[in-house]
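Chain residues, written in single-letter form:
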Amino acid sequence: LDIKGRAPKTGYGRDLFGPTWHDVDGNGCSTRNDILARDLTGIEREDGCSVSSGLLQDPYTDTAIDFTAGMDTSAEVQIDHVVALSDAWQKGAQQLSAAQRADFANDPRNLIAVAAQPNFDKAFRDAAGWLPPNAVFRCEFVARQVEVKAAYGLWVSAKEKQAMRAVLDNC
C-alpha cells in the first residue's frame, strides 16, 4: 500500500458511496441481510431474505449476542465497514467513480456484523486509532483492511502502516 497523508474530508458524505445496503449480488436480498446471514449462526428469515433472528459471536469483543430484528433491537447488531467510508474518502476514494464507491461500500470483504458499541467506538478510525478489543481478531481485522485498501487502490498513513505492521508481525 502506498503511504501518503490523509486528504481533507471536504465534500465527504455517505451518499457519495451509493444507496445504503444495495443488492450488489442480485440475489434479491439487501447487502445487510446477506452479511447477517453470513456472520450469524442459527438464523431465521422472514421472507427468504430478511434475517429475523440469529446468534452473533461478535468478533470485535468475542461476546455472544442474540439478534432479533425489530424497531428496538435491530441496532444491537450492526454492519461495520472494516475500512470506514470516511477513512476511505480521505485515503483515495475521492478519486474512485461513483460505481466504484458503491461497490466499496457494499463489498462483503469490507463488511462484518458486529455489536453496536464497538462499531460506535471505531467510528471512522483506521488501525492507528482503533483495534478490536478482542486481540485474537486483530490479525484478521488488519489483514482485511489491507486486502480492501489494496483492491480499491487506497493508501495508508505512515502511522497507520506502523500500527498495521505491529499487528501483522505478531500473527
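Anything mentioned here points back to the structure above.
One structure accompanies this document, and this report is about it. Predicted model, so just to flag it, every value in this text is computed and none were measured. (Residues numbered from 1 in each chain as written. Predicted model: local features only at pLDDT ≥ 70, side-chain atom pairs only at ≥ 80, totals over all residues. Heavy atoms only, no water.)

### Regarding the overall build of the protein chain
(1) Moving on: The helix and strand tally for the protein chain stands at six helices and five strands.
(2) Moving on: Reading the protein chain from its N terminus to its C terminus gives the helix and strand order α-β-β-β-β-α-α-β-α-α-α.
(3) Moving on: The globule rule puts the C-alpha radius of gyration for 171 residues at 16 Å, and the 16 Å found for the protein chain is close to it.
(4) Moving on: Overall size of the protein chain, expressed as C-alpha extent along the three principal axes, is 45 × 35 × 25 Å.
(5) Moving on: Sorting the 171 residues of the protein chain into buried and exposed places 46% on the buried side.
(6) Moving on: Seen as two clouds, the 18 positive and the 24 negative side-chain charges of the protein chain have centres 11 Å apart. (Helix = DSSP H or I, 4+ residues; strand = E, 2+ residues; numbered from the N terminus. Rg over C-alpha atoms; globule rule 2.2 N^0.38 Å. Buried < 20%, exposed > 50% of the residue type's maximum accessible area, 1.4 Å probe, protein only. Lys, Arg positive; Asp, Glu negative; His and termini not counted. Charge placed at Lys NZ, Arg CZ, Asp CG, Glu CD.)

### What about the pattern of salt bridges?
(1) Moving on: Counted under the stated rule, the structure contains eleven salt bridges.
(2) Moving on: In this structure, Glu 140 engages Arg 144 in a salt bridge whose closest nitrogen and oxygen atoms are separated by 3.7 Å. Of this pair, Glu 140 and Arg 144 are both found in helix α5 (residues 138–151), four residues apart, which corresponds to roughly one turn of the helix.
(3) Moving on: The class of Glu 140 is partly exposed, set by a relative accessible area of 43%.
(4) Moving on: Where salt bridges share partners, they join Arg 6, Asp 87, Lys 91, Asp 126, Lys 149 and Glu 160 into one cluster. (Salt bridge = Lys/Arg side-chain N within 4 Å of Asp/Glu carboxyl O.)

### Some thoughts on the sheet that holds strand β3 (residues 64–68)
(1) Moving on: Spatially, the three strands line up as an open sheet ordered β1-β2-β3, and their pairing is antiparallel. Each end of this open sheet is capped by a strand with a single partner; those strands are β1 (41–45) and β3. Each strand axis lies, on average, 10° off the axis of its neighbour in the sheet, ignoring direction.
(2) Moving on: In terms of strand pairing, strand β2 (residues 51–57) meets β3 through five bridges, oriented antiparallel. What sits directly across from Gln 57, in β3, is Ala 64. (Pairing = 2+ DSSP bridges. Axes fitted to C-alpha atoms, helices over the stretch in contact; angles between N-to-C directions.)

### A look at the state of the cysteines
(1) Moving on: Enumeration according to the criterion identifies two disulfides in this entry.
(2) Moving on: Each sulfur in the disulfide pair Cys 29 and Cys 49 lies 1.9 Å from the other. As the torsion about the S-S bond is roughly -85°, the Cys 29-Cys 49 disulfide counts as left-handed. Within this pair, whereas Cys 29 is found in the segment before α1 (31–39), its partner Cys 49 is found in the loop between β1 and β2, the two being separated by 20 residues in sequence. (Disulfide = S-S within 2.5 Å.)

### Examining the packing of α5 against helix α6 (residues 158–168)
(1) Moving on: Two elements in contact, α5 and α6, have axes whose closest approach is 9 Å; the angle formed by their N-to-C orientations is 135°. As summarised for this structure, α5 and α6 are arranged oblique, according to the angle between their axes. You can see that α5 and α6 cross each other, and the crossing is left-handed. In this structure, α5 uses Arg 138, Cys 139, Val 142, Ala 143, Gln 145, Val 146 and Lys 149 to contact α6, whose residues at the interface are Glu 160, Met 164, Val 167 and Leu 168. (Parallel < 35°, antiparallel > 145°, perpendicular 65-115°, else oblique. Left-handed = near helix turned anticlockwise from the far one by under 90°. Contact = heavy atoms within 4.5 Å.)

### Topic: the packing of aromatic side chains
(1) Moving on: Enumeration according to the criterion identifies nine aromatic pairs in this entry.
(2) Moving on: Grouping aromatic residues by their ring pairs yields a cluster made of Tyr 12, Phe 17, Trp 89, Phe 104 and Tyr 152.
(3) Moving on: One Lys or Arg, Lys 9, reaches over the ring of Phe 124 and ends 5.6 Å from the middle of that ring.
(4) Moving on: The residue whose ring lies beneath Arg 125 is Phe 124, and the NZ or CZ to ring-centre distance is 5.5 Å. (Phe/Tyr/Trp six-rings, centres within 6.5 Å; stacked < 30°, edge-to-face > 60°. Lys NZ or Arg CZ within 6 Å of the ring centre and 35° of its normal.)

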